[in-house]
Amino acid sequence: MPRPLGELEDSVMTRVWKWNRPVTVREVLEDLQQERSIAYTTVMTVLDNLHQKGWVRREAEGRAYRYEAVSTRAAYSAALMNEAWTQSDNPAAALVAFFGMMSPEQREALRDAVRMVQGPEETPAPQNPTAENPATENPAVENPAAEKPAVENAAVENPVGENPAAAEGETGR
């Protein structure tokens, strides 16, 4: 599992992730120097350390290297969250506490993420629609759905997107 990056490692990786291309020590140095005074050898050491830890790969270019991120910032963040969660003696309580710290926007992003992972909820279509619809069995019961065309009813009765005109057992997909 990944250990959290130190402050300088994070600053360097932020640039590598942001640029999303192989970078040189000089490029990172020049960008970092806009914020603070830092030596070339310091940046070179940090990138070498990140390479040894497996965060970046490097390719020789003349006498220098070009460094490229091995994974995304999102994957790094997810790995850190997973590591913290699995270290808890009560993972459910840790999640509840974490969710309690979230803003409404973050909770909405979490709901969106859960929906993406789970996929659309599929409800099975009834096997014998006439047995489940008393209006079709008893003509005395009013059936407003019977007055609509079958294509309109398919969208309501068939949320999975199956083809209601397909032969039984076929989904039409």
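To be clear, the structure that these remarks concern was listed above.
Everything quoted here is computed from the prediction, not taken from an experiment.

Our focus in this paragraph is the overall build of the protein. Within the protein, the regular secondary structure consists of nine helices and two strands. Ordered by position from the N terminus, the helices and strands of the protein form the series α-α-α-β-β-α-α-α-α-α-α. Looking at the protein as a whole, 20% of its 173 residues qualify as buried. The long-range share in the protein, meaning contacts at least 24 apart out of those at least 6 apart in sequence, stands at 41%.

This part takes up unusual backbone geometry. Positioned with a positive phi, N20 is a non-glycine residue whose angle comes to about 50°. Tracing the backbone through its elements, the reader meets N20 in the loop between helix 1 (7–19) and helix 2 (25–32).

Another aspect to go through is the nonpolar core. Counting 21 residues, the largest nonpolar core has V12, M13, V43, L47 and L50 as its most contacted members. Sorting the residues of this core by element identifies helix 1, helix 2, helix 3 (40–52) and strand 2 (64–69) as the ones contributing at least two each. In terms of residue count, the dominant contributor to this core is helix 1 (five residues). The residues touching V43, leaving out its near neighbours within four places in the chain, are V25, V28, L29, L32 and I38.

Taken together, the side chains of M81, F98, F99 and M101 make up a nonpolar region of the molecular surface, amounting to roughly 420 Å² of accessible area. Looking at which element gives the most residues to the nonpolar patch, the answer is helix 5 (residues 91–101), with three residues. Tracing the chain through its elements places F99 in helix 5.

Before going further, it helps to examine the pattern of salt bridges. On inspection of all chains with the given rule, the structure shows 13 salt bridges. Residue E68 pairs with R57 through a salt bridge whose shortest N-O separation is 3.7 Å. Here the residue E68 occupies a position in strand 2, and R57 occupies one in strand 1 (residues 56–61), the gap between them amounting to eleven residues. Judged by relative accessible area, which is 31%, E68 ranks as partly exposed. For R57, a relative accessible area of 44% puts it in the partly exposed group. In this structure, R111 engages E108 in a salt bridge whose closest nitrogen and oxygen atoms are separated by 3.2 Å. Of this pair, R111 and E108 are both found in helix 6 (residues 104–118), three residues apart, which corresponds to roughly one turn of the helix. In this structure R111 comes out as partly exposed when scored by relative accessible area, which is 43%. Residue E108 is classed as partly exposed on the basis of its relative accessible area, which comes to 34%. The network of salt bridges with common partners includes R21, E27, E61 and R66.

Conventions used here
- Residues numbered from 1 in each chain as written.
- Predicted model: local features only at pLDDT ≥ 70, side-chain atom pairs only at ≥ 80, totals over all residues.
- Heavy atoms only, no water.
- Helix = DSSP H or I, 4+ residues; strand = E, 2+ residues; numbered from the N terminus.
- Buried < 20%, exposed > 50% of the residue type's maximum accessible area, 1.4 Å probe, protein only.
- Contact = heavy atoms within 4.5 Å.
- Core = buried A, V, L, I, M, F, W, Y, C linked by side-chain atoms within 4.5 Å.
- Patch = residues over 30% accessible without salt bridge, like charges linked within 9 Å, V, L, I, M, F, W, Y side chains within 5 Å.
- Areas by Shrake-Rupley, 256 points an atom, 1.4 Å probe, with all protein chains shown as cover.
- Salt bridge = Lys/Arg side-chain N within 4 Å of Asp/Glu carboxyl O.

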